[in-house]
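Residue-level listing of the chains:
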Amino acid sequence: MKLYEYQAKEVFASYSLPVPRGRAAETEDEVEGVAREIGGRVVIKAQVHVGGRGKAGGVKLADTPQAAREIGKQMLGMSLKGFIVKRVLVEQALPIEKEYYLSFTLDRDAQQIIGICSAMGGVDIEEVAESHPDKIMRMPVDIAFGPLDFQVRDFIAAAGLEASKSREIAGVIKKLYEVYVSTDASLAEVNPLVVTADGQVVVADAKFDIDDNALFRQKKLEVYKDASEEDELEAEAHRRGLTYVHLGGAIGMIGNGAGLCMNTLDIINQAGGKPANFLDIGGGARADVVRNALDMVLLDPAVKAILVNIFGGITRGDEVAKGILEATSTLDVGVPIIVRMAGTEADAGLKLLEGSKLIPAATAPEAARKAVELARAA
Amino acid sequence: MSILVDGSTRVLVQGITGREGSFHTAQMRLFGTNVVAGVTPGKGGGEHEGVPLFDSVAQAVAKTGANASAIFVPPPFAADAIMESVAAGVPLVSCITEGIPILDMVRVARYMKGSDTRLIGPNCPGITTPGGKCKIGIMPNMLFSVGNVGLISRSGTLTYEVVDALTRAGLGQTTCIGIGGDPIIGTKHVDALRLFEKDPETRVTVMIGEIGGSDEEAAAEFLGGSKMKVVGFISGRNAPPGKRMGHAGAIISGSTGTAAGKIAALEKAGVPVAGTLEEIIPLVKQQLAE
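Residues numbered from 1 in each chain as written. Chains lettered and ligands numbered in written order. Predicted model: local features only at pLDDT ≥ 70, side-chain atom pairs only at ≥ 80, totals over all residues.

**Quick look at the interface of chain A and chain B**
Right, on to step 1. On the chain B side, the residues contacting the 42 residues of chain A number 44 residues.
Right, on to step 2. The element contributing the most residues to the side of chain A that touches chain B is helix α8 (residues 258–270) of chain A, with 11 residues.
Right, on to step 3. A breakdown of the residues in the side of chain A that touches chain B according to their chemical character gives 20 nonpolar, 14 polar and 8 charged. (Contact = placed C-beta atoms within 7 Å. Helix = DSSP H or I, 4+ residues; strand = E, 2+ residues; numbered from the N terminus. Nonpolar A, V, L, I, M, F, W, Y, C, P; charged D, E, K, R; others polar.)

Next up, the structure:
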């Protein structure tokens, strides 16, 4: 789960990380109200999950509440790199002296948490990694101990961060780690971490991703779940408990198993089509799951054909076929459904589909070719 | 021959009385696996479908000489189950559970430092040796045949697809190992490759990777300096960056983890990479003929 900047800052603040005064706003009235509350110069930031917001016009300064209102009016509802801005964050503008980068994330190869920092903050860290790899410092953390004091001191010194502020920066590093571990984050990033003209160390921008596997024990973060969904279809799928990714093409895709589903997307592309979605119904799918999945895919108006790709392992092909038949008899399906079935009891399953409107295919590539053809003809 | 499991493997099942554990224990036994014990805390002393139950892994090992564990424990408790087996000195632990929090696995990895236990998974279908009649996990029983092909895969269903295709083509298997779709797993591609390299019966190994992480790249580096015959396959060529594609580990972050990068690395190491699943069989035959 990806949190928005304003949500990340709410959580960070609850761990006493220094964040600027501010609040999210959804209307121009609210923008003006928050700006008045804060007083003085404010910054208005579009709340969307895209990089490079500033350059795209998603970050603006205002000197008065009226000016803030004007900016809010322009920004709310605008499209930023394809995403509609529904919320802005209004906060005190900072007199920036220095900008650093700081994050904790997972080092998959080393199988441990790693802290990353750089004196080159405020820009995309991937770019810094390309252009100045020597300016990026890494601190592997032993989860049994957390970041040790000497490690943090070395980390700050090696990165060349402001020596006179090293105690404050060390505090931020330790608290950010605490947030990371306590919330089951997969990324907690501060970019930039700002040293202001009056010597404050402040979290000016934040990226915060939570491990979906751990949401069951992160009840406090549940409030952010719905608001964090960018895509309406994905939000609906998650409410239905389905593993779904919206991809924007015309071929709806349902399969069993993540690897098989990923491979099916590849096959659709190889056949010259564009998948509308990724939808994994997992192992042992029963009729209600198949029905739920078909119904979900049909919610996407761009879908012109649906490819169902099932490899029967423990799951029997005939049972899946029954599920599909049951689902299609109760759903209003206006698009062709192509079914590829192999593995356990696949022949029995395909036999059951005979005489129905469903279109059988012997192999996945053949199913994809049929789906692409039929979607084009629609 | 085979890797890791064979007819002498004595399996204990953690979470044997749960729905999944119960069903798959029966399937494993039908396959021929020697299931010697079940562990469910609080149910020790009893029996579950003829398998003696114990309260702890340590007790089960002491009483039955179990030397491998299959874990079907729900995600909130699975990391603890792994560490319990590690503490009891079980040499091989295969964790089937999907959905374990990543930080729990970071703790497990830390706990296992210096331990001799080999972990397979989590979020994997387990490991199967058809000739030795030992299956630990959830792979469908009827797909396998005995032969000279080894298989390593991050995906369950793609494992089944490829094993099925191999068997239909008359190409039997030595051992098939599902290493798991999570970002932190116990046995990576390169670890499994090293085991197959030493197995005299395995003549060709099929390696099925997917987007996310850099384990396939690490495998490619190893294969560049090895004489073993491998056929590669990578799924997720068309996955968008930043999206989790079903598996928690299948996510492209920035420029790392792409299918293109993995395919290029394997090809540079001289490993033929199949463009589709269908192309795997002819490539395996070609490697066998060489």
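**Observations regarding helix α9 (residues 280–289) of chain B**
Residues three or four positions apart in an α-helix share a direction because the helix packs 3.6 residues into each turn.
All names here are of chain B.
Right, on to step 1. Three or more residues of α9 are buried, namely I280, I281, L283 and V284. For α9, the arc enclosing every buried residue in end-on projection is 165°, short of the 170-degree limit, so these residues lie on one face.
Right, on to step 2. Close packing links the buried residues of α9 with β10 (146–153), α5 (156–168), β12 (204–210), β13 (230–235) and β14 (273–274). (Buried ≥ 20, exposed ≤ 12 C-beta atoms within 10 Å, placed from the backbone. Arc of directions from axis to C-beta.)

**Considering the sheet that holds strand β8 (residues 126–129) of chain B**
Residues and elements named next belong to chain B.
Right, on to step 1. Taken together, 7 strands build an open sheet; the order of strands is β9-β8-β11-β10-β12-β13-β14 and the sheet is mixed. Among the strands making up the open sheet, the edge pair consists of β9 (134–137) and β14.
Right, on to step 2. In this structure, β12 lies alongside β13, joined through 6 bridges in parallel fashion. Along β13, the bridge assignment pairs V206 with V231.
Right, on to step 3. Relative to β13, helix α8 (residues 259–268) is tilted by about 170°, and along the sheet it contacts β12, β13 and β14. (Pairing = 2+ DSSP bridges. Axes fitted to C-alpha atoms, helices over the stretch in contact; angles between N-to-C directions.)

**Focus on the sheet that holds strand β2 (residues 22–25) of chain A**
All names here are of chain A.
Right, on to step 1. One open sheet accounts for 4 strands, arranged β2-β7-β3-β4; its pairing is antiparallel. Each edge of the open sheet is held by one strand with a lone partner, namely β2 and β4 (59–62). Neighbouring strand axes in the sheet, compared pairwise and without regard to direction, differ in orientation by 20° on average.
Right, on to step 2. Here helix α3 (residues 65–75) sits on the sheet in contact with β2, β3 (42–46), β4 and β7 (88–92), set at roughly 5° to β3.

**Considering the pairing of strand β4 (residues 51–54) of chain B**
Here is the key point about a regular strand: its side chains alternate between the two faces of the sheet.
Residues and elements named next belong to chain B.
Right, on to step 1. Here strand β2 (residues 34–39) runs beside β4; their pairing, made up of 2 bridges, is parallel. Counted as the bridge partner of G38 is L53 from β4.
Right, on to step 2. Inspection of the sheet shows strand β3 (residues 47–48) paired to β4 by 2 bridges, in the antiparallel sense. Across the sheet, the residue bridging to E47 is P52, located in β4.
Right, on to step 3. The turn linking β3 back onto β4 is made up of 2 residues, and E49 within it adopts a positive phi angle of 50°.

**Observations concerning the domain arrangement of chain A**
Right, on to step 1. Here chain A is described as being made up of domain 1 (21–92), domain 2 (96–224) and domain 3 (232–377).
Right, on to step 2. Measuring from the centre of the C-alpha atoms in domain 1 of chain A to the corresponding centre in domain 3 of chain A gives 42 Å. (Domains from an automatic or database assignment.)

**Description of the nonpolar core**
Right, on to step 1. L176(A), L307(A) and I82(B) are the most contacted members of the largest nonpolar core, which totals 219 residues.
Right, on to step 2. Leaving out residues up to four positions away in the same chain, L176(A) has contacts with L17(A), L102(A), F104(A), A188(A) and V190(A). (Core = buried A, V, L, I, M, F, W, Y, C linked by C-beta atoms within 7 Å.)

**Focus: α8(A)**
Residue and element names in this part refer to chain A.
Right, on to step 1. With 13 residues, α8 should reach 18 Å at 1.5 Å per residue; the first-to-last C-alpha distance of 18 Å fits that figure.
Right, on to step 2. When you tally the buried positions in α8, you get 11 out of 13 residues, the bulk of the element.
Right, on to step 3. Considered for burial, the residues of α8 that qualify are A258, G259, L260, C261, M262, N263, T264, L265, D266, I267 and I268.
Right, on to step 4. Just downstream of α8 lies G272, where phi reads positive at about 90°. (Expected span 1.5 Å × (residues − 1).)

**Comments concerning unusual backbone geometry**
Right, on to step 1. With an omega dihedral of 10°, the bond running from N191(A) to P192(A) counts as a cis peptide bond.
Right, on to step 2. Checked against the element boundaries, P192(A) lands in strand β11 (residues 185–196).
Right, on to step 3. Following G121(B), the chain continues to P122(B) via a peptide bond in cis, the omega torsion being 10°.
Right, on to step 4. Relative to the helices and strands, P122(B) resides in the loop between β7 (118–120) and β8.
Right, on to step 5. Located in the positive-phi region is Q111(A), a residue other than glycine, with phi close to 60°.
Right, on to step 6. The residue Q111(A) is located in the loop between β8 (96–107) and β9 (112–118) in this model.
Right, on to step 7. According to the C-beta neighbour criterion, Q111(A) is buried, with 21 such atoms within 10 Å.
Right, on to step 8. In this model, L4(B) sits at a positive phi of 65°, which is unusual for a non-glycine residue.
Right, on to step 9. Mapping L4(B) onto the fold places it in the segment before β1 (10–14).

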